[in-house]
Amino acid sequence: PKLVHKNRWCYGLVYKLRGKVVYNFRRRTMDFSPGCVCMLPKGSDYTVDTIEPGECIAINFNLLDDPPLDPFSECFRAAPRLETLFRKLDNQRLRAFAYNDYGMMASLYEIIQTIDKASRYSHLTPAAELRLRNIVLAIQQGYPNPALSLSALAEAEGVPMSSMREAFLKIFGM
């Protein structure tokens, strides 16, 4: 089955639990599998092709000033945490009187933060992510100690300094 959506009335975040669908945004195709999150921008035109019937949790919301957002679909290792957060938000939605409920907005913000953190590390292997998180934690705990050395931290975690610089640039922009 194919669903056609024109000029979407609000933003949407969808978390896929089971099954598989494909979203087509004009000339951009995105596979959407279990453990993935998909952003559906306000005002967008798209089609949804069901590949395998399944289940998802979809949250619709509006943002001040209607910022232009690009559609995306990404799978995360934080999937169990995201599923818990989406279920919490969905339960709040069912109990809320309006879509501007503060509890719902706080839960939505928590989902967005979790997606942001997960996407920063998505290009790393789990072992590399753990080493990098250990380095970040050591920096947070040791700052502003002038004796804190990035090369010593990299060496302690078994990470070449050049790899650490590259990872910090990709993840933190510095």
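Residues numbered from 1 in each chain as written. Predicted model: local features only at pLDDT ≥ 70, side-chain atom pairs only at ≥ 80, totals over all residues. Heavy atoms only, no water.

**Things to note about the layout of surface pockets**
Next up, step 1: The calculated volume of the largest pocket comes to roughly 290 Å³.
Next up, step 2: Of all the secondary-structure elements, those providing two or more residues to the lining of the largest pocket are strand S1 (2–5), strand S2 (11–25) and strand S5 (46–61).
Next up, step 3: Looking at the lining of the largest pocket, the element that brings in the most residues is S5, giving 10 residues.
Next up, step 4: By residue class, the composition of the lining of the largest pocket is 11 nonpolar, four polar and four charged. (1 Å grid on protein atoms, 1.4 Å probe; cavity = no way out; pocket = protein on both sides within 12 Å on 5 of 7 lines; lining within 4 Å. Points joined across faces, edges and corners; volume = space filled by probe spheres on them. Helix = DSSP H or I, 4+ residues; strand = E, 2+ residues; numbered from the N terminus. Nonpolar A, V, L, I, M, F, W, Y, C, P; charged D, E, K, R; others polar.)

**Quick word on unusual backbone geometry**
Next up, step 1: The backbone of asparagine 7 sits at a positive phi, close to 50°, despite the residue not being glycine.
Next up, step 2: Tracing the backbone shows asparagine 7 in the loop between S1 and S2.
Next up, step 3: Residue classification places asparagine 7 among the exposed residues on the basis of a relative accessible area of 55%. (Buried < 20%, exposed > 50% of the residue type's maximum accessible area, 1.4 Å probe, protein only.)

**A look at helix H1 (residues 79–95)**
Next up, step 1: The first and last C-alpha atoms of H1 sit 24 Å apart over 17 residues, in line with the 24 Å expected at 1.5 Å per residue.
Next up, step 2: Listed as buried for H1 are Ala79, Leu82, Leu85, Phe86, Leu89, Asp90 and Gln92. End-on, the buried residues of H1 take up no more than an arc of 160°, which puts them together on one face. More than 90 degrees from the buried face of H1, the exposed residues found are Pro80, Leu94 and Arg95. (Expected span 1.5 Å × (residues − 1). Arc of directions from axis to C-beta.)

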